[in-house]
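Understanding the architecture of this molecule
Each chain is listed here by its residues.
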Amino acid sequence: MEFSELIRTGRAQAELLRGPEAPPLRGTLCVTSHHLLLSPGTEASPDLWLLLLRSVDSIEKRVAGDSGTITLRCKDLRVLQLDIEGVEATLDIARSIEALSSLESVITSFPFFYRPKGLRLGDAWHFHPPERYYQRVARETNAWRLSEVNEDFSLCPSYPRALIVPHSVDDQALARSAGFRQGGRFPVLSYHHARNGTALLRSSQPLTGPQKRRCAEDEELLRAVLVGARPGARGFIIDTRSAQAAKQARMTGGGTEAKAAYPGWKRLHRPLERGRPLQESFVRLVEACGDLEQSMDRWLSRLEGCRWLAHVKEALSTACLAAQGMEREGACILVHGAEGTDSTLLVTSLAQLILDPLSRTMDGFQELVEREWIQAGHPFQLRCAHSAFSHARPKHEAPTFLLFLDCVWQLGRQFPLSLEFGEGLLLALFEHAYASPFGSFLCNSEKERGLCEVRTRTHSLWSGLNQPKEQRKLRNPLYALNPLAIWPSVEPQSLRLWQGLFLRWTRPPEPSETAWEKVWQIVTDSEKTEGSA
């Protein structure tokens, strides 16, 4: 297929309306294989540059007289309006955008064509390999080892090649445990808490089924976790499904760990919403935020009705439960739901941010996202196929990663000095998860990225974000290392709507946002003064 076959009209005269705070732009609108450009006459550079394949969420077109209007609703929640001269040009451009933005092939997406100056292919893909975190664990304890039992992805297609497992459990036992877990996702180390030797693990549900099957190797694995922590250690299994949902799963081949089969482990149910209900919550919130004419009562009713902040509260509460079990009770924690690729990762990554000061640094947070989301098999290609505006509602879409970013933003708001990164990094990760010139969020697993040669044919997101010119926008100028755990309040009065994301394009910048650059300038001037003293 040639991209040119999908472009019905390459250019037209148009006016772009970008929102209430931005002046309109008029010029030549151009459609290319991956972008929409608006060049305003003789000015030096184009003002509109949209990644079509991934940026456009929905398209609406209207024609009247001898002109037409195209409304583009984007995955970063922007709403753009294009007023185009000529009815035929309007319809042809709309069809071109629809065709180009709905292409599903990974290898024809823009990251495979993106070649920015100053970056080389292969740069930064080596920044956060699984081996890097294992080296840290190995300095803290000898209870764990790095296994390459999944080197060819035959054991678990959604896990990376290398995994951290109990030292006393051999690869043959791991293979049998994988056969007892949905999708082969047997329990692996997510985080080692050096302060007291406890461990945070993640997996998928056991396949006990209605016959209440057991697996000696799976039981051995979890027993080895407790032995490796310390004599007499105990553990908690946090199931992110309700007890009723877990019981229903057993009728279809899934299930839970039987208490008698896993001595020392106690199961707790903390249901977290996932899938379609979470996506619908996101859609309703964005709809409410986009209505600029509603009354106060109507706004508050819709904010409560969408339940987004309730999901934030539940996610943070469950992460605090896991972190408290490790920090205050000295227990090991295993987290899983059904597949182990969504709410499981949400809980384990948030728990690490609460407990681990290194995860709150710029480099540590990037490693956390890479290790606990990208390499751990969160299916970004499925979950982020559409944002909040698409008319299609496939069952695989869900803003789980956005919910994680919102929870991190809540942590940063409650502990403004404890995170080395600021809101800018969280916004960038949201945008790149849904539409990016980089390859980091492509595909659904490391296996798929290998088949598509993502690491050799695209640039890593971290190579772009770690450029010096980008760091100023992403770092927290007030950061001071906090060696303690940070315990967020999840009371309703403590949680806030993330206005910097959900109201980003519909209201002027807040004073705190405009003050950010001034704070940076003060810090920079102070450093220069100290350096010259």
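Source: prediction; values computed, not measured. All residue numbers refer to positions counted from 1 along the written sequence of the respective chain. Two thresholds apply to this predicted model, a pLDDT of at least 70 for residue-level local features and 80 or more for giving and counting side-chain atom pairs, whereas whole-chain, interface and lining totals are computed over all residues. Side-chain measures were taken over the full set of non-hydrogen atoms in the model, leaving aside hydrogen atoms and water.

1. Observations regarding the overall build of the chain
Quick note on the threshold: Numbered from the N terminus, helices here are DSSP runs of H or I no shorter than four residues, and strands are runs of E no shorter than two. Computation of the radius of gyration draws on C-alpha atoms alone. For the globule rule, the value is 2.2 Å times the number of residues to the power 0.38. Three exposure classes are used, based on accessible area relative to the maximum for each residue type with a 1.4 Å probe and protein chains only: buried under 20%, partly exposed in between, and exposed over 50%. Charge assignment in this entry is limited to Lys and Arg as positive and Asp and Glu as negative, and neither His nor the chain termini are counted. A charge is said to be at NZ when it belongs to Lys, at CZ for Arg, at CG for Asp and at CD for Glu.
Broken down by element type, the chain carries 20 helices and 14 strands. Expected size for 533 residues packed as a compact globule is a radius of gyration near 24 Å; at 24 Å, the chain falls within 12% of this value. The dimensions of the chain, computed from C-alpha atoms along their principal axes, are 80 × 65 × 55 Å. Burial status across the chain gives 55% buried among its 533 residues. Taking the 64 positively charged and 63 negatively charged side chains of the chain as two groups, their mean positions are separated by 5 Å.

2. What to know about the packing of helix α11 (residues 362-374) against helix α14 (residues 423-434)
This is how it is decided: Axis definition: a line fitted to C-alpha atoms, limited for helices to the stretch in contact. Angles are taken between N-to-C directions and run from 0 to 180 degrees. Any angle between 65 and 115 degrees counts as roughly perpendicular, while under 35 counts as roughly parallel, over 145 as roughly antiparallel, and the rest as oblique. Crossings are classed by handedness, with left-handed meaning an anticlockwise turn of the near helix from the far one by less than a right angle and right-handed meaning a clockwise turn. Any two residues whose heavy atoms approach within 4.5 Å at even a single point are treated as in contact. Put simply, Ala, Val, Leu, Ile, Met, Phe, Trp, Tyr, Cys and Pro go in the nonpolar bin, Asp, Glu, Lys and Arg in the charged bin, and everything else, Gly too, in the polar bin.
Interhelical geometry of α11 versus α14 gives an angle of 25 degrees and a closest axis separation of 12 Å. When the axis of α11 is compared with that of α14, the two are roughly parallel. In this structure, α11 crosses over α14, and the sense of that crossing is right-handed. When α11 is examined against α14, the residues Met-362, Phe-365 and Val-369 are found in contact with a partner set consisting of Leu-425, Leu-426 and Leu-429. Among the residues forming the contact of α11 with α14, the class breakdown is six nonpolar, no polar and no charged.

3. A closer look at empty space enclosed by the protein
This is how the line gets drawn: Cavities and pockets are found on a 1 Å grid laid over the protein atoms alone: a cavity is a set of points where a 1.4 Å probe fits but cannot escape, a pocket is an open set with protein on both sides within 12 Å along at least five of seven lines, and a lining residue has an atom within 4 Å of such a point. Grid points are joined across faces, edges and corners, and a volume is the space filled by probe spheres set on the points.
This model, assessed by the stated rule, comprises six cavities of 30 Å³ or more. Here the largest cavity is characterised by a volume of approximately 140 Å³. Around the largest cavity, the lining is made up of 15 residues, and of these Pro-130, Ala-162, Leu-189, Arg-202 and Arg-371 lie nearest the centre. Sort the elements by how many residues they give to the lining of the largest cavity and strand β10 (residues 188-193) lands first, with three residues. Looking at the lining of the largest cavity residue by residue, the classes come out as ten nonpolar, two polar and three charged. In this structure, the second largest cavity is lined by Arg-54, Ser-109, Pro-111, His-432, Ala-433, Tyr-434, Ala-435, Ser-436, Phe-438, Phe-441 and Leu-442. In terms of residue count, the dominant contributor to the lining of the second largest cavity is α14 (three residues). Here the lining of the second largest cavity is composed, by residue class, of seven nonpolar, three polar and one charged.

4. Points about the sheet that holds β10
Short version of the rule: Paired strands, in this sense, are two strands between which DSSP finds at least two bridges.
The mixed open sheet is built from five strands, whose spatial order is β10-β11-β14-β12-β13. Only two strands of the sheet have a single partner each, and these edge strands are β10 and β13 (265-269). Going from strand to strand, the sheet's axes swing by 20 degrees on average, the running direction of each strand aside. Of the pairings in the sheet, the one linking strand β12 (residues 235-239) to β13 comprises five bridges and is parallel in character. Across the sheet, Gly-235 pairs through a bridge with Trp-265, a residue of β13.

5. Quick look at a negative patch on the surface
Operational definition: What goes into a patch is any residue over 30% in relative accessible area without a salt bridge, connected to like charges within 9 Å or, for nonpolar side chains (Val, Leu, Ile, Met, Phe, Trp, Tyr), within 5 Å. Note on areas: Shrake-Rupley with a 1.4 Å probe; residue coverage comes only from the protein chains shown. Each salt bridge in this description consists of a side-chain nitrogen of Lys or Arg and a carboxyl oxygen of Asp or Glu lying within 4 Å of one another.
Residues Glu-131, Glu-148, Glu-151 and Asp-152 make up a contiguous surface patch of negative charge. As for its placement among the helices and strands, Glu-131 is situated in helix α3 (residues 130-140).

6. Observations regarding the side chain of Ser-158
Under the convention used in this document: What qualifies as a polar contact is a pair of N or O atoms within 3.5 Å, subject to a donor-acceptor requirement within protein and to the restriction that residues adjacent in sequence count only when both atoms come from side chains.
Mapped onto the secondary structure, Ser-158 falls in the loop between β8 (144-147) and β9 (163-166). Accessibility expressed as a relative area gives 14% for Ser-158, which makes it buried. A distance of 2.8 Å separates a polar atom in the side chain of Ser-158 from a polar atom in the side chain of Arg-185. With sequence-adjacent residues up to four places away left out, Ser-158 is seen in contact with Arg-185, Gln-375, Ala-376, Gly-377 and Ser-445.

7. Regarding the layout of surface pockets
Inclusion rule: In this entry, domain limits derive from an automatic or database-based domain assignment.
Quantified by volume, the second largest pocket comes out at close to 570 Å³. Lining the second largest pocket we find 26 residues, and of these Ser-101, Ser-102, Glu-104, Ala-385 and His-386 sit closest to its centre. Ranked by residues supplied to the lining of the second largest pocket, first place goes to strand β5 (residues 56-64) with four residues. Classifying every residue of the lining of the second largest pocket by side-chain character gives ten nonpolar, ten polar and six charged. Residue assignment places the lining of the second largest pocket across two domains, with domain 1 (4-103) and domain 2 (138-497) each supplying three or more.

8. Thoughts on α14
Working note: α-helix, 3.6 residues per turn, so residues spaced by three or four point in the same direction. Threshold: Multiplying 1.5 Å by the helix residue count minus one yields the expected span of that helix.
Under the 1.5 Å per step criterion, the end-to-end length of α14 is 17 Å for twelve residues, consistent within 8% with the ideal 16 Å. The element α14 is largely enclosed, with a buried count of nine among its twelve residues. The complete set of buried residues in α14 reads Leu-425, Leu-426, Leu-427, Ala-428, Leu-429, Phe-430, His-432, Ala-433 and Tyr-434.

9. A few points about the domain arrangement of the chain
How we decide: Two parts placed together each lose some accessible area under a 1.4 Å probe, and adding up what both lose gives the buried area.
Examined at the domain level, the chain breaks down into domain 1 (4-103) and domain 2 (138-497). Look at where the C-alpha atoms of domain 1 and domain 2 centre, and you get two points 37 Å apart. Tallying the contact residues gives 13 residues for domain 1 and 18 residues for domain 2. Across the interface of domain 1 and domain 2, roughly 1,200 Å² is buried in total on both sides, 58% from carbon and sulfur atoms. Three residues, Arg-54, Asp-57 and Lys-75, lead the burial of domain 1 against domain 2; their summed loss comes to 50% of the area buried on that side. If you look at where domain 1 meets domain 2, you find zero salt bridges.

10. A short note on unusual backbone geometry
The residue Phe-153 is not glycine, and still its phi comes out positive at about 65 degrees. When you line up the elements, Phe-153 lands in the loop between β8 and β9. Positive phi values are uncommon outside glycine, yet Lys-212 reaches one of about 55 degrees. Inspection of the secondary structure assignment puts Lys-212 in the loop between β11 (198-202) and α5 (216-229). On the basis of relative accessibility, which here comes to 57%, the residue Lys-212 falls in the exposed class.

11. Some thoughts on the nonpolar core
Our working rule: Throughout, nonpolar core names a set of buried Ala, Val, Leu, Ile, Met, Phe, Trp, Tyr and Cys residues whose side chains join them through atoms within 4.5 Å.
Counting 118 residues, the largest nonpolar core has Phe-186, Phe-365, Phe-404, Leu-429 and Phe-502 as the members making the most contacts within it. The residues contacting Leu-429, other than those within four sequence positions of it, are Phe-365, Val-369, Phe-401, Leu-405, Phe-441, Leu-461, Trp-462 and Leu-465. With 22 residues, the next largest nonpolar core counts Ile-84, Ala-89, Ala-94 and Ile-97 among its residues.

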